[in-house]
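# Structure assessment
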Amino acid sequence: MDLDAVRTFVAIVDAGRFQDAAVELSITQQAVSKRVAALERAVGVRLFARTPRGAEPTVDGRAFLPHARELLRAEARAYASVRPGHRALRVDVIGRGLAPAGLLRDFHRARPEIELDVVTLFDADTAVDAIRSGTVDASFRAVTMTGRRLPDDIEVSRAFDEPVQLLTGPAHALAAARTVTPADLVGQRIWMPGLVPGTEWAAYYDALAAAFGLTIESTGPDFGVEPLLDTIAGSRSLATFVGEQTRLVWPAGHDLRRIAVRNPTPVYPHSLVRHRDNRHPGLAALRDHLGSTRSDLSDAETWTPAWA
């Protein structure tokens, strides 16, 4: 359907006269008539009746009007969706309960005028493909890319380092500790059924286990966060790792303990991944926000994998 003809139809309805619509659209009255005639041929009905006062929509014209207005609104939304500065900034945060989502909430509070579209993609490869295709503007990832390079059109900058904590139930041997060291965790059973081989988070925890001689088990089905917390709460031997900023809610009776890991502190290296040619102004604002909120942990106090 010719949207210029639809726009002309709506202009005539609003103005009440072909001549006034022509002035509004900056075209000739003859062009207005031709557009209306073409639209009437397309829909197969008369849309206007001529009156001494000008033009009034017919019954069919009145039925067509709300749909015509919606077509024009859809056109405006379509244009806005691909115009940087006129569409929402699309950012992948992996999971809505994880640290990147919290950081985006802080960014939204600081810059509420920037519209955000928050999405969750599965792994780094999917995120990079989405960035290159323009599906998203940026993604928060721990970028490993072991054995290969990122595409040349992709840029990565370290966004923030998130300390990793130990999560135990009240009956666990380490439950009363305020802090633990990686050496304290040698021989402890750390259960993380959500470690999917080939993902960046599996690569991180594999490197952590290898660096400090830890036992991280990923056996058994992953039923999600709540069943994991239920198991940890009732176990004397199982613990798990969580990010310091990961949002967790559990029943009061679980009495779970979040214990800081020190000397050194393992940190999860979140990076902002983006296309080097992306000029969305919201992306520049997000990068500035990240620069102003970087943590002050020193390299001497922390551990990250060599690829980070």
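### Brief notes about helix 6 (residues 124–133)
Residues of helix 6 that are buried include every one of Ala124, Ala127, Val128, Ala130 and Ile131, and no others. End-on view of helix 6: buried residues confined to an arc of 160°, all on one side of the axis. Turned more than 90 degrees off the buried face of helix 6, the exposed positions are Asp129 and Ser133. The inward-facing, buried residues of helix 6 abut strand 3 (89–92), strand 5 (138–141), strand 6 (154–168), helix 7 (200–212) and strand 12 (265–275). Gly134, located one to two residues past helix 6, shows a positive phi value of around 85°.

### Here's the deal with the packing of aromatic side chains
Going through the model one piece at a time under the given rule, you end up with 10 aromatic pairs. On the basis of an interplanar angle of 55° and a centroid distance of 5.8 Å, the ring pair of Tyr204 and Trp303 is categorised as tilted. Here Tyr204 is found in helix 7, whereas its partner Trp303 is found in strand 13 (residues 302–303), with 99 residues between them in sequence. One aromatic cluster is present, formed by Tyr204, Tyr205, Phe212, Phe241, Tyr268 and Trp303 through successive ring pairs.

### Remarks on the side chain of His172
For His172, the location among the structural elements is in the loop between strand 6 and strand 7 (179–180). His172 sits in the buried class, given a relative accessible area of 5%. Within the structure, His172 has its side chain in polar contact with the backbone nitrogen of Leu174 (distance 3.0 Å). Residues contacting His172, with those up to four places away along its chain left out, are Gln188, Ser235, Arg236, Ser237, Leu238 and Ala239.

How each quantity is defined
- Residues numbered from 1 in each chain as written.
- Predicted model: local features only at pLDDT ≥ 70, side-chain atom pairs only at ≥ 80, totals over all residues.
- Heavy atoms only, no water.
- Buried < 20%, exposed > 50% of the residue type's maximum accessible area, 1.4 Å probe, protein only.
- Helix = DSSP H or I, 4+ residues; strand = E, 2+ residues; numbered from the N terminus.
- Arc of directions from axis to C-beta.
- Contact = heavy atoms within 4.5 Å.
- Phe/Tyr/Trp six-rings, centres within 6.5 Å; stacked < 30°, edge-to-face > 60°.
- Polar contact = N/O pair within 3.5 Å; in protein donor to acceptor, adjacent residues only side chain to side chain.

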